[in-house]
Amino acid sequence: MDFGFDVEDDEFRREARAWLGEHAPGAADRRGWERTLGAAGWIGLGWREGGYGNRTASLTRQVAWAEEYARSGAPPRSGHIGENLLAPTLIAHGTPEQKARFLPPVAAGAELWCQGYSEPGAGSDLAGVRTRAEADEGGRAYRVTGQKIWTSFAHEADWCFVLARTDPDATRHRGLSFLLVPMDQPGRIEVRPIRQLTGTSEFNEVFFDGARAEHVVGGAGEGWRVAMSLLGFERGVSTLAQQIGFAEELGRVVRTAVETGAAEDPVVRERLVRLWAELRTMRWNALRTLGGSGGPGAPSVAKLLWAGWHQRLGEVAVEVRGASASAGPSDWTPATPYALDDAQHLFLFSRADTIYGGSDQIQRTIIAERVLGLPRERKGVV
């Protein structure tokens, strides 16, 4: 495909680089940073509709912004879920009232979102969710009861979009609804952080006990259709920005291998070259997908590619360190009992890459059934 940047795109890139160079340094408050981005119009570039406080940009300019953001060292985004998942879903399936209510605060960086999909008994198998929502107040609202798990940003989110069963007699993907639930409901919603191998807690358990929700996207019983539509938005321009970060991590590993002498080992050199080549391949595959030629299995292929690659990078990152990789970067203290350096954090955190966002097994099943046309996997059989 012909994917190139024209003169106007280059000017847009320079504008983005200059703005980030001025505002990104020292931006430690992530919620405040979202508002800064929103005030300058940098949130919602990829929305196919404007007028909500966002400005829209062509695909090439979205790529330019994402790449410059990754290179700038700006803080990780807290508003990613609202901007790149909820907003496109509302634009595709929401009512005019829902768009008017929720899109402007997302564009302004004023409201943060989390995603209530996975459950202890239904991780990547969304059709098996058991969280239920019962009609209340004469049908004007629902009461949500159940548990969600691996919920990123739930500890700081203002809202959560929840996939729940509104028809108790329906099974699997039937009878589900896509609900918008405010998180500020004391006694009705409890968030419990999940401590990870890295010692941090980006993920959470969320317990709903009669939490009130009055907004249903796409209509009652249409949750599966809306949820599948949202998953299609989950991968896209952001994968290219992700690869900028991957390239920086790979560069650090290569430099460490040279400094420690590990690069003199031909096996190590071969692994590093292979990682570099695979990263380039992922970039061209992402560009091809953005051009619309990826096919129905493109998101699953992309997830399989980067998740396994990132894990292999983490393994090499600690191997080239040698014995020093087993020791922390500082002496143990009560204040810092679990300090990790960059290589150790990369190794430990990347163990989850092949699980979250749809496990490798689920991605292979999607490719087998929806792309290759193989017989569907039997559900509920031990």
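Heads up: these notes are all about the structure in this document. (Residues numbered from 1 in each chain as written. Predicted model: local features only at pLDDT ≥ 70, side-chain atom pairs only at ≥ 80, totals over all residues. Heavy atoms only, no water.)

1. Notes on empty space enclosed by the protein
Rules: Lining residues are defined by having an atom within 4 Å of a point belonging to a cavity or pocket. Those points lie on a 1 Å grid over the protein atoms alone, cavities being sets where a 1.4 Å probe fits but cannot get out and pockets being open sets with protein on both sides within 12 Å along at least five of seven lines. Grid points are joined across faces, edges and corners, and a volume is the space filled by probe spheres set on the points. Runs of E in the DSSP output that reach at least two residues are strands. Runs of H or I that reach at least four are helices, and both are numbered from the N terminus. Note on residue classes: Ala, Val, Leu, Ile, Met, Phe, Trp, Tyr, Cys and Pro are nonpolar, Asp, Glu, Lys and Arg are charged, and everything else, Gly too, is polar.
The final tally for this structure, using the stated rule, is 2 cavities of 30 Å³ or more. Of the volumes computed, that of the largest cavity is approximately 60 Å³. Taken together, Thr239, Gln242, Gln243, Met282, Asn285, Ala286, Ala302, Leu305 and Trp306 make up the full set of residues lining the largest cavity. Taken together, the elements giving at least two residues each to the lining of the largest cavity come down to helix H7 (237-260), helix H8 (266-290) and helix H9 (298-319). Size it by volume and the second largest cavity reaches roughly 40 Å³. Considering the residues around the second largest cavity, the lining is formed by Glu34, Ile43, Arg77, Gly79, Gly82, Glu83, Val106, Gly109, Glu111 and Leu112. Looking at the lining of the second largest cavity residue by residue, the classes come out as 3 nonpolar, 3 polar and 4 charged.

2. What about the nonpolar core?
What counts here: In these notes, a set of buried Ala, Val, Leu, Ile, Met, Phe, Trp, Tyr and Cys residues joined through side-chain atoms within 4.5 Å is what counts as a nonpolar core. Residue exposure (1.4 Å probe, protein chains only): buried if accessible area is under 20% of the type maximum, exposed if over 50%, otherwise partly exposed. In what follows, residue pairs with any heavy atoms lying within 4.5 Å of each other are defined as contacts.
Counting residues in each nonpolar core, the largest one holds 27 residues, and the members touching the most others are Trp47, Trp113, Tyr117, Phe161, Phe178 and Leu180. Secondary structure elements with two or more residues in this core: helix H4 (80-93), helix H5 (96-107), strand S4 (159-165), strand S5 (176-182) and helix H6 (223-233). The element contributing the most residues to this core is H4, with 6 residues. Apart from the residues within four sequence positions on either side, Leu180 is in contact with Leu86, Leu90, Phe102, Trp113, Trp159, Cys160, Phe161, Ala213, Glu214, His215 and Val217.

3. Some words on the pairing of strand S1 (residues 113-116)
Consecutive residues of a regular strand have side chains that alternate between opposite faces of the sheet. Our working rule: Note on pairing: two strands pair once DSSP finds at least 2 bridges between them.
Burial along S1 is two-sided: Trp113 and Gln115 facing one way and Cys114 and Gly116 facing the other are all buried. With 4 bridges connecting them, S1 and S4 associate as parallel partners. In the strand pairing of S4, Trp113 is matched with Trp159.

4. Here we look at helix H11 (residues 360-371)
In plain terms, the rule: A helix's residues, less one, multiplied by 1.5 Å, set its expected span.
Here H11 contains 12 residues, and its C-alpha end-to-end distance of 16 Å stays within 8% of the 16 Å for a straight helix at 1.5 Å per residue. Of all the residues in H11, the buried ones are Asp360, Gln363, Ile367, Ala368 and Glu369. Buried positions along H11 lie against H9. Where H11 terminates, the next one or two residues include Gly373, which has phi positive at roughly 75 degrees.

5. A word on the layout of surface pockets
In this model, the second largest pocket occupies a volume close to 150 Å³. Taken together, Arg71, Leu240, Gln243, Ile244, Ala247, Leu250, Trp276, Leu279, Arg280 and Arg283 make up the full set of residues lining the second largest pocket. Secondary-structure elements contributing two or more residues to the lining of the second largest pocket are H7 and H8. When residues in the lining of the second largest pocket are grouped by element, the largest group, 5 residues, is from H7. Considering only residue class, the lining of the second largest pocket consists of 6 nonpolar, 1 polar and 3 charged.

Any functional reading would require information beyond the geometric quantities listed.
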